[in-house]
Amino acid sequence: MTWGESLLWTVTPYVTLVIFVGALVWRYKYDKFGWTTRSSQLYESTLLRVASPLFHYALLFVIVGHVTGLLIPIGWTNAIGVSNHAYHVNALLWGGLAGLATLVALALLIWRRRTNGPVFMATTVNDKVMYAVLAAAIVSGVVTTAAGYAPTEVSYRTTVAPWFRGVFVLQPDVMAMGQASGLYKVHTLIGMVLFVLFPFSRLVHALSAPLGYLFRPYIVYRSRSDSAPRRPARVRVRQNRPL
């Protein structure tokens, strides 16, 4: 491993984390009114009603797969009787399906933005960059998931995962990351770019779960009782003038 690559996998993750956390704090403090999805549902809702739920639910499965694959060591899954081969078969099946569903939903959302006039006019340069990076991350993820099942491919659980866990204890395993294939390295770099872009885009709405709604007080509505006295209706009587 060259010194440049060693520096890349040692410094870049911390630069990414600093920008990610710092920009989120700054935006929440100074741009609360911009912390929104900038929804375009008023312009078009038929296709959005299909593509948006599909994208969010599929992406949720993708995130869960990344968390379990990167944070759970091989020894833990082996201890409960799940072999590495069985783990990769399930990852290929469920991860591949979730990745393809996310990719299809994203394609529908991009097609909707490009073909619908009012929606396209509401699309900013920031949105275009976000969609491009998001598409690159999903495509590279689907490719690496399929390639990871090849017998000659080095498992990300012995390369990327140890490096990722080491970042949080200030000991990134650069040597393990150096043994990863080029596909995994490209996917990891695109992921870091996405994290850098996250605080500056509409993606921040993912951190705005309405948890307060579960604990808000009830809203009491009172209807007017039929037994309440009613005000007499005013009747205008026309008086005849004397001749």
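Anyway, here's the lowdown on the structure attached to this text. Keep in mind that what you see is a predicted model, and the values were worked out from it rather than measured. (Residues numbered from 1 in each chain as written. Predicted model: local features only at pLDDT ≥ 70, side-chain atom pairs only at ≥ 80, totals over all residues. Heavy atoms only, no water.)

1. Focus: helix H4 (residues 84-115)
Point 1. Here H4 is 32 residues long and its end C-alpha atoms lie 45 Å apart, about the 46 Å a rise of 1.5 Å per residue gives.
Point 2. Residues of H4 that are buried: Tyr 87, His 88, Gly 96, Ala 98, Gly 99, Thr 102, Ala 105, Leu 106, Leu 109, Arg 112 and Arg 113.
Point 3. Summarising the contacts, the buried residues of H4 are in contact with helix H2 (48-71), helix H3 (74-79), helix H5 (117-121) and helix H6 (125-147). (Helix = DSSP H or I, 4+ residues; strand = E, 2+ residues; numbered from the N terminus. Expected span 1.5 Å × (residues − 1). Buried < 20%, exposed > 50% of the residue type's maximum accessible area, 1.4 Å probe, protein only. Contact = heavy atoms within 4.5 Å.)

2. Notes on the pattern of salt bridges
Point 1. Scanning the model with the defined rule gives five salt bridges in all.
Point 2. Of the charged contacts in the structure, one is a salt bridge between Arg 202 and Asp 127, with a shortest N-O distance of 2.9 Å. Of this pair, Arg 202 sits in the segment after helix H9 (182-197) while Asp 127 sits in helix H6, and the two are 75 residues apart along the sequence. When sorted by exposure, Arg 202 lands in the same class as Asp 127, which is buried. (Salt bridge = Lys/Arg side-chain N within 4 Å of Asp/Glu carboxyl O.)

3. Some words on the packing of helix H1 (residues 3-30) against H9
Point 1. Direction vectors running N to C along H1 and H9 enclose 25°, while the axes themselves pass 9 Å from each other. Relative to H9, the element H1 lies roughly parallel. Regarding H1 and H9, the two cross each other, and that crossing is left-handed. Side by side, H1 and H9 meet where Glu 5, Leu 8, Trp 9, Thr 12, Pro 13, Thr 16, Ile 19 and Phe 20 of the first sit next to Lys 185, Thr 188, Leu 189, Met 192, Phe 195 and Val 196 of the second.
Point 2. A breakdown of the residues in the contact of H1 with H9 according to their chemical character gives nine nonpolar, three polar and two charged. (Axes fitted to C-alpha atoms, helices over the stretch in contact; angles between N-to-C directions. Parallel < 35°, antiparallel > 145°, perpendicular 65-115°, else oblique. Left-handed = near helix turned anticlockwise from the far one by under 90°. Nonpolar A, V, L, I, M, F, W, Y, C, P; charged D, E, K, R; others polar.)

4. Points about the nonpolar core
A general trend in soluble globular proteins is that nonpolar side chains are found buried together.
Point 1. Of all hydrophobic cores here, the largest spans 21 residues; its most connected members are Leu 24, Phe 55, Leu 106, Leu 134, Leu 194 and Phe 198.
Point 2. Elements supplying a minimum of two residues to this core: H1, H2, H4, H6 and H9.
Point 3. Per-element accounting of this core gives the leading share, six residues, to H6.
Point 4. The residues contacting Phe 55, other than those within four sequence positions of it, are Thr 102, Ala 105, Leu 106, Leu 109, Leu 134 and Ile 138.
Point 5. Core analysis: the second largest hydrophobic core is formed by 13 residues, Trp 9, Val 160, Val 167 and Met 192 among them. (Core = buried A, V, L, I, M, F, W, Y, C linked by side-chain atoms within 4.5 Å.)

5. Digging into the environment of Phe 120
Point 1. Structurally, the position occupied by Phe 120 is in helix H5.
Point 2. A sequence separation of 80 residues divides Phe 120 from Ser 40, and the C-alpha atoms of the two residues are 9.5 Å apart.
Point 3. Once residues within four sequence positions are removed from consideration, Phe 120 is found in contact with Arg 113, Arg 114 and Lys 128.

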